[in-house]
Amino acid sequence: MRWLLAKDLLILGRSRLLLAVLIVYPVLIALLLGFALSRGPSRPRVAIVDETTAGETLTLGTRRVPVGAYVRQLLDEVQSQRVSSRAQAIEQVDSGAVLAAVVLPAGLAARLSSNESQAQLEVLYNGNALEQSLARSTIESALAQANLNFSAQIQTAARKVIATLLSGGKLSSFSGEQLPGLESIPTTLGAIASRQPPGATRRQLEQIGAFAGFAAQNLTLASRVLATIGQPIRINSVLLHGRRTPLDDFAVVVAVSLSMMLLCVLLAAGGVALEREEHTLARLLRGRRADRDGGGADAAGAALITREGLLAEKTLLAGASAFVIAFAMLAGIGAFVALDWSRVALWLLALAFGALALSALGVAIGALAREVRAASLLALLTTLPLAFLALVPSASVSGGLDAVITAVSFVFPFKAALEALDTAVNGSSPAIGLSLAHLALLTVAFGALARLGLRTAE
Amino acid sequence: MSTVLGVHALSKRYGGGRAHAARQALDGVSFSLAAGELVALVGPNGAGKTTLLSILAGVQASSAGSVVRASAQATENEPTARGSWAVGWVPQTPALYSKLSAAENLELFARLERLPDPRAAAARMLEQTGLRARAREPVSRLSGGNRQRVNVALGLIADPPVLALDEPSSALDPSQRERLWQFIVARVAAGTTVLFSTHNVSEAQRYATRVLVLSGGLLLFDGTPAALLASSAEGELRGQEARGDLERALVSFLATRAAAGGAP
C-alpha cells in the first residue's frame with residue numbers, strides 16, 4: 001500500500017493546479033472568514049434624513065422627552081450616514097452606498113403627543129429580492145430596538161409623573177409649590193370631614209376622599225401596566241446541554257467542515273476514479289504472478305493490492321490531506337476568532353473521524369462512477385445539497401420534511417462531522433463520543449459500499 | 001514443446017439479472033499453450049477474445065472451467081479466482097499513470113510485484129523496449145506507439161512465462177507496429193509464450209505459429225495458419241501467399257461454420 005500511497009502523492013505533487021487549489025483554497029477561505037467575522041461591520045450602513053426640528057420634544061404631563069434621543073437611539077443601532085434630503089437618500093440607496101435610508105419626518109413630536117395619529121418613519125430600500133429581504137429585516141430590527149429604547153424613556157417620564165400624582169411634590173423644577181399626592185388625600189379629607197357636622201357637606205367630603213383612595217390604588221397599578229406594555233414578556237433562556245455557542249464560532253466550524261468535506265470527497269472520489277480512467281485498476285487488482293518455481297500449482301496468486309487495501313489507501317490519502325488542511329484552516333481562523341486551544345486534542349479527534357467518514361463517502365462515489373469528471377460532478381451534486389440540508393434547523397420545517405431531512409443527514413457524514421467538530425471546538429454538546437461513533441459507523445458503511453462498487457476491476 | 005498453460009472448459013456468462021439478458025461470452029473453451037509459442041486469437045467482434053485474455057490475466061473470474069499451469073491437475077468445472085500467476089497482461093488501452101514517467105511506472109509495478117531489484121527490472125525493460133532515452137518523460141507526452149511499448153513492458157516486468165496481449169497493434173502506425181512486433185518476436189525467441197488477439201489477420205499470418213479462432217464464445221479452430229487455410233471452403237486459396245488470403249479463409253471458415261450451426 002505504501003508504494004501506491006507514494007505514487008498518489010507524486011501524482012498529486014505534479015498536478016500543480018490541484019495542489020495550488022488545495023493550498024490556496026483553505027488559506028483564502030480562512031482569511032476571508034476570519035476578516036468577515038472579526039472586522040466586518042456588524043451594523044448595517046443606513047442613510048438618515050433628519051427633518052425634525054432641533055430641540056423638538058415630546059411632552060408628557062410636566063415631563064419632556066427630546067425627540068433627538070430617539071434619533072440618537074436609531075443612530076446607535078445602525079452605521080449611520082447623515083444626508084440632508086430625501087432625494088439625496090434615494091440617490092445613496094440607488095447607488096448601493098447604503099443598504100437603506102430612514103426619513104425622520106418633521107413634526108414627529110407632535111404626532112407622538114397626538115392621540116389621533118401614530119408617528120411614522122419612512123424607510124427607503126432597493127435591490128433584488130435577497131437585498132430587499134435583508135434591508136427590511138435589518139432596518140426593522142434596528143427600528144424595533146430604537147423604539148424599545150425610546151419607549152423605555154417615555155415610560156420613565158410617565159412613571160415620574162404618576163409618582164408625583166400619587167405621592168405629591170413639585171409639578172416642575174421651576175415651580176415652587178408643593179402639591180399633595182393622591183395617596184394622602186383620603187386621610188386629609190377624612191380628618192376634615194370628621195370635623196364637619198353630619199350632613200350633605202360631610203358626605204360629599206367622604207365621597208371625594210373615597211374616590212381619591214380609589215384613584216391612588218389604580219394609579220399604583222398604572223406604573224406596572226406601563227412596564228408590561230413596554231415589554232410584555234421578558235425572555236429567560238436556558239441552554240439544556242453544553243455551553244452557548246457564539247454564531248461566529250459556529251460559522252468557523254461550518255466553514256471548516258464544508259472545506260473538509262469538499263477536499264475529502266473530491267480527492268477520494270477522484271483518486272479511485274482515476275485508477276479506472278487510466279485503466280490501471282485492472283492491472284492493480286488482477287492476480288499476482290505466483291512462485292515461478294512452484295511446479296503445477298493452480299492459478300491463485302494474490303492481486304498486487306487487494307480491493308480493500310486500495311480503498312483504504314485512497315481513504316487515508318484524502319482523509320490525511322483534508323485533516324491537515326482543515327486543521328490549518330482552524331488555526332488560521334483562530335488568529336481572528338478566539339478559539340479555545342485547550343480543546344485542541346478534541347479538535348484533532350473530531351477532524352480525524354470526520355475526514356475518514358467523508359473520505360469513505362468519496363471512495364464510494366469514485367468506485368461507483370467510472371471516470372474522474374463523472375465522479376467529481378457526482379461528488380459535488382451529492383454533497384453540497386446534503387450539507388445545506390444538514391444546516392436546516394430541525395423543527396423549522398414541517399414534520400414530515402423534517403423527518404426526511406433528519407434521516408438523510410443521518411445517513412451522510414457531513415452533519416455528524418459538523419456536530420463532532422462543533423462539540424470539539426465550541427463544547428456545544430457535553431459528549432463527543434456519540435458523534436465519533438456515528439462517524440465510525442458511516443466510515444464502515446461507505447467503505448462497504450465502495451467495495452461493492454469496486455467488485456469489477458474494468 | 002512443453003506445455004506452460006492449460007485452459008480447460010473455460011466458460012463465462014455475463015448478466016442474467018432483471019435488467020440484462022444473460023450472455024454467454026465463453027462456452028467451454030479448452031486449449032493449451034506451449035513454451036515459446038506465438039499464438040494469434042482471432043474472431044469477429046464479440047467473439048470473446050478480450051474476455052478470454054482477461055480471465056487468463058486474472059482481471060476477471062470465469063464462470064466455470066480452469067486455467068492451470070504446466071502439468072497441474074485442475075479440478076473440473078471449478079471456477080478460477082485468478083489465472084494470472086504466470087500470465088503477463090497487456091490490455092488494449094495502455095494501463096499507465098500518465099503523470100508518471102515510463103521509468104516511474106515500471107518501477108512502481110516492479111515494487112508492487114515485489115521484485116527483488118525494482119530499479120534494475122525497470123532499467124532492463126526500458127533497455128529492451130528502446131525507451132531508455134525517454135525514460136524520464138511523463139507518459140502523457142509520449143506518442144501512442146511509445147505508450148504501447150511501456151504498456152507491453154509493464155506486462156513483462158515480472159518476466160512471466162506467458163504474455164497475453166489484447167490487440168497490441170490496433171492503435172499504431174505501420175512503423176510503430178513493425179518495431180513492436182520485432183520486440184515481441186525477440187521475447188518469443190527468448191522463450192516467452194505469447195497469446196495475442198487481433199483483427200489484423202495478416203499479422204496473425206505473418207507472425208503466429210498457431211491460430212485460435214473464437215466465435216460466439218466457442219473455440220472453432222485451433223491449428224496453424226496453414227491448417228486454417230486448408231480447412232477453408234475456398235480451397236482455391238490454398239497455397240497462395242497473398243497477405244489477404246488468411247483473412248478470406250477466415251471469413252469463409254466462419255461463414256461455413258455459421259451455416260453448419262457451429263457458432264451462434
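Residues numbered from 1 in each chain as written. Chains lettered and ligands numbered in written order. Predicted model: local features only at pLDDT ≥ 70, side-chain atom pairs only at ≥ 80, totals over all residues.

Considerations on the overall build of chain A
Of regular secondary structure, chain A possesses 16 helices and eight strands. Out of the 458 residues belonging to chain A, those deemed buried represent 33%. Long-range contacts, defined as pairs at least 24 residues apart, comprise 74% of the intrachain contacts of chain A with a sequence gap of at least 6. (Helix = DSSP H or I, 4+ residues; strand = E, 2+ residues; numbered from the N terminus. Buried ≥ 20, exposed ≤ 12 C-beta atoms within 10 Å, placed from the backbone. Contact = placed C-beta atoms within 7 Å.)

Quick notes on the environment of A:Leu104
Residue and element names in this part refer to chain A. In this structure, Leu-104 sits in strand E5 (residues 100–104). Taking the C-beta count within 10 Å as the criterion, Leu-104 has 18 such neighbours and is therefore assigned partly exposed. Note: C-alpha distance between Leu-104 and Trp-3 (101 residues apart in sequence) is 73 Å. Residues contacting Leu-104, with those up to four places away along its chain left out, are Val-49, Asp-50, Glu-51, Thr-52, Val-71 and Leu-121.

Points about the sheet that holds strand E1 (residues 45–50) of chain A
Residue and element names in this part refer to chain A. Overall, mixed pairing links the four strands, which are arranged E4-E1-E5-E6 in an open sheet. The open sheet is flanked by strand E4 (79–83) and strand E6 (122–125), the only strands paired with a single partner. For this sheet, the mean angle separating the axes of adjacent strands, direction not counted, is 25°. As defined by bridge partners, E5 adjoins E6 across four bridges and the pair is classed as antiparallel. (Pairing = 2+ DSSP bridges. Axes fitted to C-alpha atoms, helices over the stretch in contact; angles between N-to-C directions.)

A short note on the nonpolar core
For soluble globular proteins, nonpolar side chains are generally found buried alongside one another. Ranked by size, the top nonpolar core spans 148 residues in total, and within it A:Cys264, A:Val265, A:Ala417, B:Leu106 and B:Ala164 carry the most contacts. Counting residues per element, this core draws most heavily on helix H9 (residues 247–277) of chain A, which supplies 18 residues. Leave out the neighbours within four places in its chain, and A:Val265 touches A:Leu358, A:Leu361, A:Gly362, A:Ile365, A:Ala379 and A:Thr383. A:Val65, A:Ala101, A:Val103 and A:Ala135 belong to the second-largest nonpolar core, a separate cluster that totals 28 residues. (Core = buried A, V, L, I, M, F, W, Y, C linked by C-beta atoms within 7 Å.)

Looking at helix H16 (residues 433–453) of chain A
With 21 residues, H16(A) ought to run about 30 Å at 1.5 Å a step, and its terminal C-alpha atoms sit 30 Å apart, in line with that. Its buried side turned inward, H16(A) meets helix H11 (307–333), helix H12 (344–368) and helix H15 (413–426) of chain A. (Expected span 1.5 Å × (residues − 1).)

Examining the domain arrangement of chain A
How big an interface is tends to be expressed through the accessible area that disappears when the partners come together. Domain annotation for chain A reports domain 1 (2–38 + 244–287 + 302–453), domain 2 (44–149) and domain 3 (181–225). Measuring from the centre of the C-alpha atoms in domain 2 of chain A to the corresponding centre in domain 3 of chain A gives 46 Å. (Domains from an automatic or database assignment.)

Some thoughts on the packing of helix H2 (residues 102–112) of chain B against helix H4 (residues 144–156) of chain B
All names here are of chain B. Direction vectors running N to C along H2 and H4 enclose 20°, while the axes themselves pass 10 Å from each other. Considering the angle they form, H2 stands roughly parallel to H4. Of the two possible hands of crossing, H2 and H4 adopt the one that is right-handed. Each of Ala-102, Asn-105, Leu-106 and Phe-109 in H2 lies in contact with H4, whose residues at this interface are Val-150, Ala-153 and Leu-154. Looking at the contact of H2 with H4, its residues break down into six nonpolar, one polar and no charged. (Parallel < 35°, antiparallel > 145°, perpendicular 65-115°, else oblique. Left-handed = near helix turned anticlockwise from the far one by under 90°. Nonpolar A, V, L, I, M, F, W, Y, C, P; charged D, E, K, R; others polar.)

Describing the pairing of strand E3 (residues 38–42) of chain B
All names here are of chain B. Across the five residues of E3, five count as buried, placing the element largely inside the fold. Neither face of E3 is left uncovered, since the one carrying Leu-38, Ala-40 and Val-42 and the one carrying Val-39 and Leu-41 both have all their residues buried. As paired elements, E3 and strand E7 (residues 193–197) share four bridges and run parallel to each other. Across the sheet, Leu-41 pairs through a bridge with Ser-197, a residue of E7.

Remarks on the domain arrangement of chain B
Residues and elements named next belong to chain B. Assigned domains within chain B: domain 1 (33–61 + 82–86 + 161–264) and domain 2 (93–159). Taken together, the nine residues of domain 1 in the interface contact eight residues of domain 2. Tallied by class, the residues present in the side of domain 1 that touches domain 2 amount to six nonpolar, one polar and two charged.

Side note on the environment of A:Phe336
All names here are of chain A. Among the structural elements, Phe-336 can be located in the loop between H11 and H12. Looking at Phe-336, the number of C-beta atoms within 10 Å reads 18, which means it is partly exposed. Each C-alpha atom, one on Phe-336 and one on Leu-124, is 35 Å from the other, the two residues being 212 residues apart in sequence.

Details of the environment of A:Leu449
Residue and element names in this part refer to chain A. When you line up the elements, Leu-449 lands in helix H16. We classify Leu-449 as partly exposed; it has 17 C-beta atoms within 10 Å. Here the alpha-carbon distance between Leu-449 and Ile-365, two residues 84 residues apart in the chain, equals 8.9 Å.

What to know about the sheet that holds strand E2 (residues 23–34) of chain B
Residue and element names in this part refer to chain B. The antiparallel open sheet is built from three strands, whose spatial order is E2-E1-E4. Only two strands of the sheet have a single partner each, and these edge strands are E2 and strand E4 (64–69). Each adjacent strand pair in this sheet contributes to an overall mean axis angle of 10°, direction not counted. Packing against the sheet, helix H1 (residues 49–57) makes contact with strand E1 (3–14), E2 and E4, and its axis sits at approximately 60° to E2.

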